[in-house]
Amino acid sequence: MFEVQPSMPSSDIVSEVNVVDVPIALDQSNKEVSAGYEFNGSDARIESADKVLTL
């Protein structure tokens, strides 16, 4: 016979995005990327269209 083991507790993380803050966060992130020496001279940026982010 199989022994039934008690199930492990689980925790779910739920995040809700405030859509008003998304453009502000993207603008700030793009400023930091453009100012970083790691990406100097590159075309690195973060873009959004609908609910899709492109790095």
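Here, the structure is the one placed above.
Residues numbered from 1 in each chain as written. Predicted model: local features only at pLDDT ≥ 70, side-chain atom pairs only at ≥ 80, totals over all residues. Heavy atoms only, no water.

Draft legend 1. Just the overall build of the chain, in detail. Looking only at helices and strands, the chain has one helix and two strands in total. Sequence-ordered secondary structure for the chain, helices as α and strands as β, is α-β-β. Classification of the 55 residues of the chain by burial places 7% in the buried group. (Helix = DSSP H or I, 4+ residues; strand = E, 2+ residues; numbered from the N terminus. Buried < 20%, exposed > 50% of the residue type's maximum accessible area, 1.4 Å probe, protein only.)

Draft legend 2. Region of interest: the pattern of salt bridges. Tallying each qualifying case throughout the model produces three salt bridges. With its nearest N and O atoms 3.6 Å apart, the salt bridge here joins Asp27 to Lys31. Taken as a pair, Asp27 and Lys31 lie in helix α1 (residues 21-35) at a separation of four residues, close to a single helical turn. For Asp43, the salt bridge is made with Arg45, and the minimal N-O distance between the two is 2.7 Å. Owing to a relative accessible area of 61%, Asp43 belongs among the exposed residues under this scheme. (Salt bridge = Lys/Arg side-chain N within 4 Å of Asp/Glu carboxyl O.)

Draft legend 3. Structural view of the layout of surface pockets. Of the voids in this model, the largest pocket is the one considered here, and its volume is about 190 Å³. Residue lining of the largest pocket: Val17, Val19, Val22, Ser48, Asp50, Lys51, Val52 and Leu53, and that is the complete set. A class-by-class count of the residues in the lining of the largest pocket yields five nonpolar, one polar and two charged. (1 Å grid on protein atoms, 1.4 Å probe; cavity = no way out; pocket = protein on both sides within 12 Å on 5 of 7 lines; lining within 4 Å. Points joined across faces, edges and corners; volume = space filled by probe spheres on them. Nonpolar A, V, L, I, M, F, W, Y, C, P; charged D, E, K, R; others polar.)

Draft legend 4. Main features of a nonpolar patch on the surface. Nonpolar side chains collect at one region of the surface, where Val17, Val19 and Val20 lie side by side and expose about 320 Å² of accessible area between them. Locating Val17 in the fold gives a position in the segment before α1. Judged by its relative accessible area of 62%, Val17 is exposed. (Patch = residues over 30% accessible without salt bridge, like charges linked within 9 Å, V, L, I, M, F, W, Y side chains within 5 Å. Areas by Shrake-Rupley, 256 points an atom, 1.4 Å probe, with all protein chains shown as cover.)

Draft legend 5. Representation of the environment of Ser29. Turning to its location among the elements, Ser29 is positioned in helix α1. In this structure the C-alpha to C-alpha distance between Ser29 and Arg45, which are 16 residues apart in sequence, comes to 8.3 Å. Among the polar contacts made by the side chain of Ser29, one reaches the main-chain carbonyl oxygen of Ala25 at a distance of 2.9 Å. (Polar contact = N/O pair within 3.5 Å; in protein donor to acceptor, adjacent residues only side chain to side chain.)

In short, the description is geometric, and any link to function would need to be established separately.
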